[in-house]
Number of protein chains: 4
Amino acid sequence: MRIKGNLEIGGSDVIVMAGPCAIENKAQIHAVAKTLKSCGIKIMRGGAFKPRTSPYTFQGLGQAGLELMREVADEYGLFIVTEALSVEQVPLVYKYTDIIQIGTRNMQHFPILWAVGETDKPVLLKRGFMNTIDEVAYAAEHIKSRGNQRVIICERGIRTFDTKARFTLDLSAIPILKSMTGLPVIADPSHAAGHTNLVIPLALGALAAGADGLLVEVHPNNEIALSDGQQSLPLELIPEFILKAENVVMAIGRQMAK
Amino acid sequence: MRIKGNLEIGGSDVIVMAGPCAIENKAQIHAVAKTLKSCGIKIMRGGAFKPRTSPYTFQGLGQAGLELMREVADEYGLFIVTEALSVEQVPLVYKYTDIIQIGTRNMQHFPILWAVGETDKPVLLKRGFMNTIDEVAYAAEHIKSRGNQRVIICERGIRTFDTKARFTLDLSAIPILKSMTGLPVIADPSHAAGHTNLVIPLALGALAAGADGLLVEVHPNNEIALSDGQQSLPLELIPEFILKAENVVMAIGRQMAK
Amino acid sequence: MRIKGNLEIGGSDVIVMAGPCAIENKAQIHAVAKTLKSCGIKIMRGGAFKPRTSPYTFQGLGQAGLELMREVADEYGLFIVTEALSVEQVPLVYKYTDIIQIGTRNMQHFPILWAVGETDKPVLLKRGFMNTIDEVAYAAEHIKSRGNQRVIICERGIRTFDTKARFTLDLSAIPILKSMTGLPVIADPSHAAGHTNLVIPLALGALAAGADGLLVEVHPNNEIALSDGQQSLPLELIPEFILKAENVVMAIGRQMAK
Amino acid sequence: MRIKGNLEIGGSDVIVMAGPCAIENKAQIHAVAKTLKSCGIKIMRGGAFKPRTSPYTFQGLGQAGLELMREVADEYGLFIVTEALSVEQVPLVYKYTDIIQIGTRNMQHFPILWAVGETDKPVLLKRGFMNTIDEVAYAAEHIKSRGNQRVIICERGIRTFDTKARFTLDLSAIPILKSMTGLPVIADPSHAAGHTNLVIPLALGALAAGADGLLVEVHPNNEIALSDGQQSLPLELIPEFILKAENVVMAIGRQMAK
């Protein structure tokens, strides 16, 4: 599936998308973009709108965040993936992003599925953390039924009885969803892990199991991150992480997208 | 908490809300309303918009359904509770309903929580089937933070490993949420059960555990219901059901709302 | 089903079994037995062997505990239910108890099911906290296949993603297992709750849903209990608890066993 | 940790254990052993006692199965891992096996943990499908507290709400348990998967995430297997499977045990 320009997903290439949970300021985005570029990562992620479980925590920079991310991405020649949180936000997010992300809590908010289904940009559909594999496939179908066939599914961990990791990455969902839907399936090891030191093992595991890509949270300084700092990879670990990922990807006969 | 007129919830009175999953036609709504009236039930439920897991099943009558339900409710002197599925639907649903329902799949769709938080009608907030008790309390807080203090929480079953019932009614959530939030908490035994013959045991259990009310699916003819027929109580069972409910309610020192 | 003498379970009578998690000393058991007797409770529970998740916590009084419980029970005219933890313990527990309990962690330890299936005493089979309803029914079948038809099933909560209560009482398992197996089904609100203030709402809910009895942890002084103190009902609450339970039981047309 | 002879686990070497769910007959075991030998696999698994959820399915060959497996293993120079189902079986299984397996349903049957804790053979402790990571670590501690320090932990999937795979392999348990306990941790992709076509992706994922080995079900003819046929790898796939596993293992800087 073509994302943009000559960037493809779901073939033999594997794609990494990386960036901060929330866009915080220009220095942060520059530092991230520079590292991504130097490691050959093509797609920058970052959230401009961050409604949170509690109404009293940081809620994101909004449109200013989108503008900032677009500007920096263009400077470094990167693509962008970012989330639209509601139907009304779809046109705004559409304007700035290359891939529209649907978050885990919205996977069954059907009106937003229909709204992005009517656009012509690729959609990154995150699995609801308590949704079955069948429901993920149906959610992709809701998008496709409105015309947009470019849906990328993201396994990001499900809620189980065990709480040592934040969520339980459902490794089997990767081969099952690829086979059921024919769509590219990537993994988000950061939200599944919830702790920095679990991110790399989960990421390598997902790649070995056949994931077509990764969505990873990184941060220039995760001790002062405004959200999700405890699960972000620090920038200085990215080169080594990409090297390991590339080794695993080649071991199963694929390659990192260049 | 006052709902409308002199109807209160959350004190010593217990309130039943009943009706079909989806509004289908005039004959259906008349038959339901007539039975509710004769059994002393004050609030009719019914869905006008029914986005479903699959994009290919019945999706509801829309505005025509809202008009029909309002007309019949007024004829029989009943109040209405019905769901708004997205931010854009809030003004329309507001116009016809007495209580605005937020569905289980939208409990963490924050924009709709904010939207109903800015209205002056009571909100029936259904617990997400994947959400913790803390997250339910936070979702109520999202509504209240915008000004609307009249939130009724509904426990409707959570997703667990057991699949004999459709969901697992989390009985302990009733006393915990009442105590944590100070808000009225009702139970929906129909969605938890998934099968008609489990509805009454779960309903009585929830009342004995302290639920301030029930939300129950009923249908004139559940063999031909366009949705959720297998979990609806047939109308002819309602009088006996209300009698049993009233006995349990009195056994714990409360009474049915009159 | 006849338990012993003229005590029956599974008909219109409802039976309460109560006692401490672990037998600790004579004063404790006397205080418990005296309260049970005065409230009309017929069956005393208590554990002599308490292997615990951690190898470093209190492990029970062993045979001395069984002897103590039998002596006190006989003095007050009570029956006993207590757990056998392994195949080798079955003959010893058999000698002292009236009902042999199989614990939640042993529900699929088939050799112990077969061992109690070869005795002639009633078996209280606790549902595994992560076992499906079908697996409970099969476990009962393992016992019955060896000849012993007197199996009482106990729903005691299942493990789910929510951790506010210790486990989630699966209310629907009560009517489903009664209907599937034809066996008496009781509920253990104490282990499901994990907190004293949730025990009574869960107990009343289980009775209203049709439970044939309750298994409840009580303690003369739960602040110094050697195990499970935080979920035991203090003795002074028992009379009021039994009164409430009796009201609910009568509301659904049954009565407490006398 | 030394297993036997110069076979080590938990260092930089990765070990595969493979064999049928149940030992069925001499031809089957010979075919399996021959394939293992030719692929460099050092340890053969196989069950002699197979108590099953239902009392009415195949329950295993018993001691005759143990004798058969030992004889064939010696002929091919393989080591054996097989399960003891109860305390009484420990001496018998000890006599024939090199590694004693504790099954998922017995992980909290403490008497058997103590029994194998008093032997001098390595123990393969399978995680209970319902047990938290903390509980697994405590179960290992129960064994070690009786003297036996050679415990290998096996992640084999946990029970979650999703039923597309038989269980959900908890990938994060691998690095967490290695770090918490310092013990070797292997993975059983076969029981997690429940379907042959998921076994290889899960196996490779577990290795990339740092598993010290694999426990895999294989069968000469899985269409006629007496148990678990649908999740066994056919023998003809083993060479290719081992090649893929070796590639992934080398990609993360380890090697297959030789």
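Figured I'd write up the structure that's included with this text. (Residues numbered from 1 in each chain as written. Chains lettered and ligands numbered in written order. Predicted model: local features only at pLDDT ≥ 70, side-chain atom pairs only at ≥ 80, totals over all residues. Heavy atoms only, no water.)

Quick word on the overall build of chain A
Right, so step 1: A tally of helices and strands in chain A yields 9 helices and 12 strands.
Right, so step 2: Oriented by its inertia axes, the alpha-carbon framework of chain A measures out at about 45 × 40 × 40 Å.
Right, so step 3: The buried share of chain A, taken over its 258 residues, is 69%.
Right, so step 4: If you take every contact in chain A between residues at least 6 apart in sequence, the share linking residues at least 24 apart comes to 68%.
Right, so step 5: Within the structure as shown, chain A displays about 8100 Å² of accessible surface, and the carbon and sulfur contribution to it stands at 52%.
Right, so step 6: Counting 26 positive and 26 negative side-chain charges, chain A places the averaged centre of each group 1 Å from the other. (Helix = DSSP H or I, 4+ residues; strand = E, 2+ residues; numbered from the N terminus. Buried < 20%, exposed > 50% of the residue type's maximum accessible area, 1.4 Å probe, protein only. Contact = heavy atoms within 4.5 Å. Areas by Shrake-Rupley, 256 points an atom, 1.4 Å probe, with all protein chains shown as cover. Lys, Arg positive; Asp, Glu negative; His and termini not counted. Charge placed at Lys NZ, Arg CZ, Asp CG, Glu CD.)

Focus: the pattern of salt bridges
Right, so step 1: Inspection of the entire model under this criterion finds 64 salt bridges over all chains.
Right, so step 2: With its nearest N and O atoms 3.2 Å apart, the salt bridge here joins Lys244(D) to Glu240(D). In this pair, Lys244(D) and Glu240(D) are both assigned in helix α9 (residues 238–251), 4 residues apart and thus about one turn of the helix distant.
Right, so step 3: Residue Glu240(D) is classed as partly exposed on the basis of its relative accessible area of 42%.
Right, so step 4: The network of salt bridges with common partners includes Lys4(A), Arg70(A), Asp74(A) and Asp98(A). (Salt bridge = Lys/Arg side-chain N within 4 Å of Asp/Glu carboxyl O.)

Some remarks on the pairing of strand β6 (residues 99–102) of chain B
Residues and elements named next belong to chain B.
Right, so step 1: Residues Ile99 and Gln101 point to one face of β6 and Ile100 and Ile102 to the other, with burial holding for every one of them.
Right, so step 2: Across 3 bridges, β6 lies against strand β7 (residues 123–126) in parallel orientation. Residue pairing in the sheet places glutamine 101 in a bridge with leucine 124 of β7. (Pairing = 2+ DSSP bridges.)

Quick word on the interface of chain C and chain B
Right, so step 1: At the interface, 33 residues of chain C touch 33 residues of chain B.
Right, so step 2: For the pair chain C and chain B, the two sides together bury roughly 2600 Å², of which 76% comes from carbon and sulfur.
Right, so step 3: Looking at the side of chain C facing chain B, the largest losses of area belong to Phe161(C), Lys164(C) and Leu171(C), adding up to 23% of the total buried there.
Right, so step 4: At the junction of chain C with chain B, the criterion picks out 4 salt bridges.
Right, so step 5: The closest approach of N and O atoms between Lys164(B) and Asp134(C), which form a salt bridge, is 2.6 Å.
Right, so step 6: Counting across the interface, chain C meets chain B through 6 residue pairs in polar contact (both at pLDDT 80 or more).
Right, so step 7: Of all the secondary structure elements, the ones that give two or more residues to the side of chain C that touches chain B are α5 (133–144), α6 (173–181), α8 (196–208) and α9 (238–251) of chain C. (Buried area = accessible area lost by both parts, 1.4 Å probe. Polar contact = N/O pair within 3.5 Å; in protein donor to acceptor, adjacent residues only side chain to side chain.)

Overview of the packing of aromatic side chains
Right, so step 1: Taken as a whole and judged by the stated rule, the model has 4 aromatic pairs over all chains.
Right, so step 2: When the ring of Phe129(A) is compared with that of Phe167(A), the centres are 5.3 Å apart and the planes differ by 40°; the resulting orientation is tilted. With Phe129(A) in the loop between β7 (123–126) and α5 (133–144) and Phe167(A) in the loop between β8 (151–155) and α6 (173–181), this pair connects stretches of sequence that are 38 residues apart.
Right, so step 3: For Phe129(A), a relative accessible area of 0% puts it in the buried group.
Right, so step 4: A cation over an aromatic ring shows up here: Arg156(D) above the ring of Phe167(D), its NZ or CZ 4.2 Å from the ring centre. (Phe/Tyr/Trp six-rings, centres within 6.5 Å; stacked < 30°, edge-to-face > 60°. Lys NZ or Arg CZ within 6 Å of the ring centre and 35° of its normal.)

Description of the interface of chain A and chain B
Right, so step 1: Opposite the 28 residues of chain A that make contact, chain B presents 28 residues.
Right, so step 2: Between chain A and chain B, roughly 2600 Å² of surface is buried when both sides are summed, and carbon and sulfur atoms account for 61% of that area.
Right, so step 3: Taken together, the connections running from chain A to chain B amount to 2 salt bridges.
Right, so step 4: Arg159(A) serves as the salt-bridge partner of Glu135(B), at 2.6 Å between the closest nitrogen and oxygen.
Right, so step 5: Linking chain A with chain B are 9 residue pairs in polar contact (both at pLDDT 80 or more), by the criterion used here.
Right, so step 6: It is α5(A) that contributes the most residues to the side of chain A that touches chain B, 4 residues altogether.
Right, so step 7: For the side of chain A that touches chain B, the class distribution of residues is 11 nonpolar, 11 polar and 6 charged. (Nonpolar A, V, L, I, M, F, W, Y, C, P; charged D, E, K, R; others polar.)

Quick look at the relation of the copies chain A and chain B
Right, so step 1: After a rotation of 180° and a shift along the axis of 0.1 Å, chain A superposes on chain B with an RMSD of 0.0 Å. On the angle and the small slide along the axis, the relation comes out as a two-fold axis. Scanning chain A for the C-alpha nearest the rotation axis identifies Met130(A), at a separation of 2.7 Å. (Least-squares fit on C-alpha atoms with pLDDT ≥ 70 in both.)

Points about helix α2 (residues 63–76) of chain B
All names here are of chain B.
Right, so step 1: Under the 1.5 Å per step criterion, the end-to-end length of α2 is 20 Å for 14 residues, consistent within 8% with the ideal 20 Å.
Right, so step 2: Of all the positions in α2, only Gly65, Leu66, Leu68, Met69, Arg70, Val72, Ala73 and Tyr76 are classed as buried.
Right, so step 3: Backbone geometry just after α2 places glycine 77 at a positive phi near 70°. (Expected span 1.5 Å × (residues − 1).)

Concerning the packing of helix α8 (residues 196–208) of chain B against α8(C)
Right, so step 1: Remark: α8(B) packs on α8(C), axes separated minimally by 7 Å, with the N-to-C direction vectors making an angle of 150°. Put simply, α8(B) runs roughly antiparallel to α8(C). In the packing of α8(B) onto α8(C), the handedness of the crossing is right-handed. Here Pro201(B), Leu204(B), Gly205(B) and Ala208(B) of α8(B) come into contact with α8(C), specifically with Pro201(C), Leu204(C), Gly205(C) and Ala208(C).
Right, so step 2: Residues that form the contact of α8(B) with α8(C) fall into these classes: 6 nonpolar, 2 polar and no charged. (Axes fitted to C-alpha atoms, helices over the stretch in contact; angles between N-to-C directions. Parallel < 35°, antiparallel > 145°, perpendicular 65-115°, else oblique. Left-handed = near helix turned anticlockwise from the far one by under 90°.)

Considering the relation of the copies chain C and chain B
Right, so step 1: In the superposition of chain C on chain B (RMSD 0.0 Å, axial shift 0.0 Å), the rotation amounts to 180°.
Right, so step 2: Comparing interface residues between copies, 100% of those in chain C also sit at the interface in chain B, which points to an isologous, same-surface contact.

Points about the side chain of Gln28(B)
All names here are of chain B.
Right, so step 1: Relative to the helices and strands, glutamine 28 is located in helix α1 (residues 26–39).
Right, so step 2: Looking at glutamine 28, the relative accessible area reads 5%, which means it is buried.
Right, so step 3: When neighbours within four sequence positions are excluded, glutamine 28 is seen to be in contact with Pro20, Ala22, Ile23, His219 and Pro220.

Looking at the environment of Ala31(C)
Residues and elements named next belong to chain C.
Right, so step 1: Of note, alanine 31 is situated in helix α1 (residues 26–38).
Right, so step 2: Placed 28 residues apart in sequence, alanine 31 and isoleucine 3 show a C-alpha to C-alpha distance of 25 Å.
Right, so step 3: Setting aside chain neighbours within four positions, we find alanine 31 in contact with Pro220 and Leu235.

Examining helix α6 (residues 173–181) of chain B
Right, so step 1: When α6(B) is considered as a whole, its buried residues turn out to be Ala173(B), Ile174(B), Pro175(B), Ile176(B), Leu177(B) and Thr181(B).
Right, so step 2: On its buried side, α6(B) packs onto α5 (133–144), β8 (151–155), β9 (185–187) and α8 of chain B together with α8 of chain C.
Right, so step 3: Remark: Gly182(B) follows α6(B) within two positions and exhibits a positive phi of approximately 70°.

Things to note about the environment of Thr168(A)
Right, so step 1: By the element assignment, Thr168(A) lies in the loop between β8 and α6.
Right, so step 2: Among residues more than four places away in sequence, those in contact with Thr168(A) are Glu155(A), Gly157(A), Ile158(A), Thr160(A), Ile158(D), Thr168(D), Leu169(D) and Asp170(D).
Right, so step 3: A distance of 2.8 Å separates a polar atom in the side chain of Thr168(A) from a polar atom in the side chain of Thr160(A).

Describing the packing of α5(A) against α6(A)
Residues and elements named next belong to chain A.
Right, so step 1: Orientation of α5 relative to α6, taken along the N-to-C sense of each, is 40°, at an axis distance of 11 Å. Relative to α6, the element α5 lies oblique. You can see that α5 and α6 cross each other, and the crossing is right-handed. Of α6, the residues touching α5 (which contributes Ile133, Asp134, Val136 and Ala137) are Ala173, Ile176, Leu177, Met180 and Thr181.
Right, so step 2: Along the lines of polarity and charge, the residues of the contact of α5 with α6 split into 7 nonpolar, 1 polar and 1 charged.

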